[in-house]
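Architecture and fold: a report
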Amino acid sequence: MRVLGIESSCDETAAAVVDERGLVSSDVVSSQIETHAPYGGVVPELASRAHLESVWHVISQAVAEAGGLDTIDAIAVTQGPGLVGALLVGLSTGKALAFARGLPLVGVDHLVGHLFAPFLQRGDEPTPVPELPFVALLASGGHTALYEVHAHDRITMLGQTRDDAAGEAFDKGAKILGLGYPGGPMVDRLASTGDPTRSDLPRPMLRKGSLEFSFSGLKTAIARHVELHGVPEGQALSDLCAAYQAAIVEVLAQKSLEACKVTGIPRLVLAGGVAANKGLRARTRELGEKCGVSVFVPPIASCTDNAAMIAYVGALSLASGRRDDASLAPYSRGAGVKRGKVVEKR
Ligand code: KG4
Ligand code: ZN
């Protein structure tokens, strides 16, 4: 079963062809970073327009690279959560294609896509995949939560952020430091040459037992630091980035390992854009080794938004009998949780 996946939930238009074993035949991503950069964040109306402009090109390229439309057996499309205007572009295109070709259509939850990204096989060599069940930390621009994952349709949320997402904390902190958008990769790069011990920033919610996060105080702490001392330059800027990153990473890593302890599951998956962070990868691996937890970190192309993860979860859903029709509707934040009963609060 070869599935064409379409993703348009935020600021990336993406299409990919993947089979039910996770084998990626094509994976095309068109980023809108340049469109939104002048505004320091995603502008929903501009995102919808940009999706509309690029969706056919992206799909045509993904299909051509995978061997043509005749080789596609089904269509999977991101249904939510995300910006509704942006989601509608992918959904309408997916419906039109499915109708025109007489192919089955299935809606996929973007977050479930992220959680199953480690199963994607991108190279010639097989990538080791986690055994189910596993614990997953999903940290992106819009979400930060811990999950217990048994199957694509059996996922329990263990805890989530009370305010900002981890990626949002990276982006907002970077904005305060004048580093541009999106800030996560920039902070990551500067932090690699900085000394994290030169500033003392809080480690929010790091008390034992809680699997919830809170990052808004950290953003306030860096804003206060800049108010008092001004925006640092050169080595001092790298040092502050290192301290800021270390504060976010320490909370994410310790709580992820705590979730493994609480559930008794010795496997941890890092997912979402923030999983691309070098500091987070290194620290979770280090803590994982100490407590006998295997840490799975997908390659960066699988961490950030892509359609391969959507196609793969689509293949799993189709294999378990799900089919959607032309009434398939988008959902913004959270609605998908209730709607698909994909993610249940424990
Ligand atoms: O999963 P994603 O591509 O899109 C969403 O669904 O949100 O995540 C984007 C987020 C942004 O906040 C970006 O700054 C962050 O992931 N990010 C990083 C890194 N690469 C991307 N944060 C920290 N370090 C990175 N290397
Ligand atoms: Zn995402």
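Residues numbered from 1 in each chain as written. Chains lettered and ligands numbered in written order. Predicted model: local features only at pLDDT ≥ 70, side-chain atom pairs only at ≥ 80, totals over all residues. Heavy atoms only, no water.

**Structural notes on the coordination of the zinc ion (ligand 2)**
Expected angles at a metal are 109.5 degrees for tetrahedral coordination by four donors and either 90 or 180 degrees for octahedral coordination by six donors. Test applied: Only N, O and S atoms count as donors, using a 2.8 Å cut-off from the metal and 3.2 Å for Na, K and Ca, and because water is excluded some sites may appear unfinished. Angle rules define the geometry names used: all angles between 85 and 135 degrees makes four donors tetrahedral, while opposite donors over 155 degrees apart and all other angles between 65 and 115 make four donors square planar and six octahedral, leaving every other case irregular. Strands are runs of DSSP state E lasting at least 2 residues, helices are runs of H or I lasting at least 4, and numbering of each runs from the N terminus. For each residue, the accessible area found with a 1.4 Å probe, counting protein chains only, is set against the maximum for its type, and the residue is called buried under 20%, exposed over 50%, and partly exposed in between.
Around the zinc ion (ligand 2), the donor atoms from the protein are H110 (NE2), H114 (NE2) and D305 (OD), and they sit 2.1 to 2.2 Å away. Here the zinc ion (ligand 2) is ringed by four donor atoms whose angles at the metal span 92 to 147°, and the overall shape comes out irregular. Each donor residue of the zinc ion (ligand 2) lies on one chain, and together they are spaced H-x3-H-x190-D. Here the residue H110 and the residue H114 both occupy positions in helix 4 (residues 110–116), the gap between them amounting to four residues, near one helical turn. Residue classification places H110 among the buried positions, given a relative accessible area of 5%.

**Comments concerning the pattern of salt bridges**
Heads up, the condition is: The working definition used for a salt bridge is a side-chain nitrogen of Lys or Arg within 4 Å of a carboxyl oxygen of Asp or Glu.
Tallied over the full model, the rule gives 13 salt bridges. The shortest N-O distance in the salt bridge between E168 and K172 comes to 3.1 Å. Within this pair, E168 and its partner K172 are both found in helix 5 (residues 166–176), separated by four residues, close to a single helical turn. On the basis of relative accessible area, E168 is assigned to the partly exposed category, the value being 24%. The network of salt bridges with shared partners includes D164, E168, K172 and K219.

**Some words on the domain arrangement of the chain**
Using the following cut-off: Residue ranges labeled as domains rest on an automatic or database domain assignment. In what follows, a contact means two residues having at least one pair of non-hydrogen atoms within 4.5 Å. Here the quantity called buried area is the accessible surface, traced with a 1.4 Å probe, that two parts lose on coming together, added over both. Pairs of N or O atoms are called polar contacts if they sit within 3.5 Å, as long as, within protein, a hydrogen donor faces a hydrogen acceptor (for residues adjacent in sequence, only side-chain-to-side-chain pairs).
Under the domain assignment, the chain is made up of domain 1 (2–124 + 302–345) and domain 2 (134–298). Relative to domain 2, the C-alpha centre of domain 1 lies at a distance of 26 Å. On the domain 2 side, the residues contacting the 28 residues of domain 1 number 23 residues. Interface area for domain 1 against domain 2, summed over the two sides, is near 2,200 Å², with a carbon-plus-sulfur share of 71%. For the pair domain 1 and domain 2, the interface holds zero salt bridges. At the boundary of domain 1 and domain 2, one finds one residue pair in polar contact (both at pLDDT 80 or more).

**As for the layout of surface pockets**
The line we're drawing: Only protein atoms enter the 1 Å grid, on which a cavity is a set of points fitting a 1.4 Å probe that cannot get out and a pocket is an open set with protein on both sides within 12 Å along at least 5 of 7 lines, lining residues being those with an atom within 4 Å of a point. Grid points are joined across faces, edges and corners, and a volume is the space filled by probe spheres set on the points. Nonpolar residues are Ala, Val, Leu, Ile, Met, Phe, Trp, Tyr, Cys and Pro. Charged residues are Asp, Glu, Lys and Arg, and all others, Gly as well, are polar.
Of the volumes computed, that of the largest pocket is approximately 1,300 Å³. Along its surface, the largest pocket is lined by 45 residues, and S140, G141, G142, D171 and Y181 are the ones closest to its centre. For the lining of the largest pocket, the element with the most residues is helix 5, which contributes six residues. In the lining of the largest pocket, the residues fall into 15 nonpolar, 19 polar and 11 charged. There are two domains that each give the lining of the largest pocket at least three residues, and those are domain 1 (2–124 + 302–345) and domain 2 (134–298).

**Digging into the pairing of strand 4 (residues 74–80)**
Defined as follows: Here, a strand pair is defined by DSSP locating no fewer than two bridges between the strands. Orient the strands so they point away from the viewer, and a crossover whose first-strand-to-second-strand path over the helix runs clockwise is right-handed.
Burial within strand 4 is extensive, with seven of its seven residues counted as buried. In terms of strand pairing, strand 1 (residues 2–7) meets strand 4 through four bridges, oriented parallel. Its bridge partner lying in strand 4, G5 is registered against A76. With five bridges connecting them, strand 4 and strand 5 (residues 105–109) associate as parallel partners. From the neighbouring strand, A76 faces strand 5, where its bridge partner is V106. At this point the chain moves from strand 4, through helix 3 (residues 84–101), to the parallel strand 5, and the crossover so formed is right-handed.

**Quick look at helix 9 (residues 278–291)**
Applicable threshold: Residue count minus one, scaled by 1.5 Å, sets the expected span of a helix. Throughout, the arc means that of the directions going from the helix axis to the C-beta atoms.
Relative to the 20 Å expected for 14 residues at 1.5 Å per residue, helix 9 spans 20 Å between its end C-alpha atoms, a close match to the ideal helical length. Buried within helix 9 we find L280, R281, T284, L287 and G288. Buried residues of helix 9, viewed axially, fall in a sector of 145°; they line one side. The exposed residues of helix 9 that point more than 90 degrees off its buried face are K278, E289 and K290. On the buried face of helix 9, the contacting elements are strand 6 (134–139), helix 8 (234–263), strand 9 (267–271), strand 10 (294–296) and helix 10 (300–303).

**Looking at the nonpolar core**
We count it as follows: Within this scheme, the nonpolar core is defined by two criteria: the residues are buried Ala, Val, Leu, Ile, Met, Phe, Trp, Tyr or Cys, and they are joined through side-chain atoms within 4.5 Å.
Within the largest apolar cluster, 47 residues are counted, with the highest numbers of intra-cluster contacts made by I248 and L252. Counting residues per element, the ones that place at least two in this core are strand 6, helix 5, helix 6 (183–191), helix 7 (216–229), helix 8, strand 9 and helix 9. The leading source of residues in this core is helix 8, at 15 residues. With residues near it in sequence (within four places) discarded, I248 still touches A166, A169, F170, F215 and L218. Judged by nonpolar contacts, the second largest core, of 36 residues, contains A14, V24, A145 and A308.

**Brief notes about the sheet that holds strand 2 (residues 12–19)**
To keep things clear, this is the line we draw: What counts as an axis is a line fitted to C-alpha atoms, over the stretch in contact for a helix, and the angles between N-to-C directions run from 0 to 180 degrees.
Here five strands make up an open sheet; going across it, the order is 3-2-1-4-5 and the pairing mixed. Edge positions in the open sheet fall to strand 3 (24–31) and strand 5, since each of these has one partner strand only. Ignoring strand direction, the axes of neighbouring strands in this sheet form an average angle of 20°. Running at roughly 25° to strand 2, helix 2 (residues 44–65) makes contact with strand 1, strand 2 and strand 3 of the sheet. With respect to the sheet, helix 3 is in contact with strand 1, strand 4 and strand 5, its orientation differing from that of strand 4 by roughly 160°.

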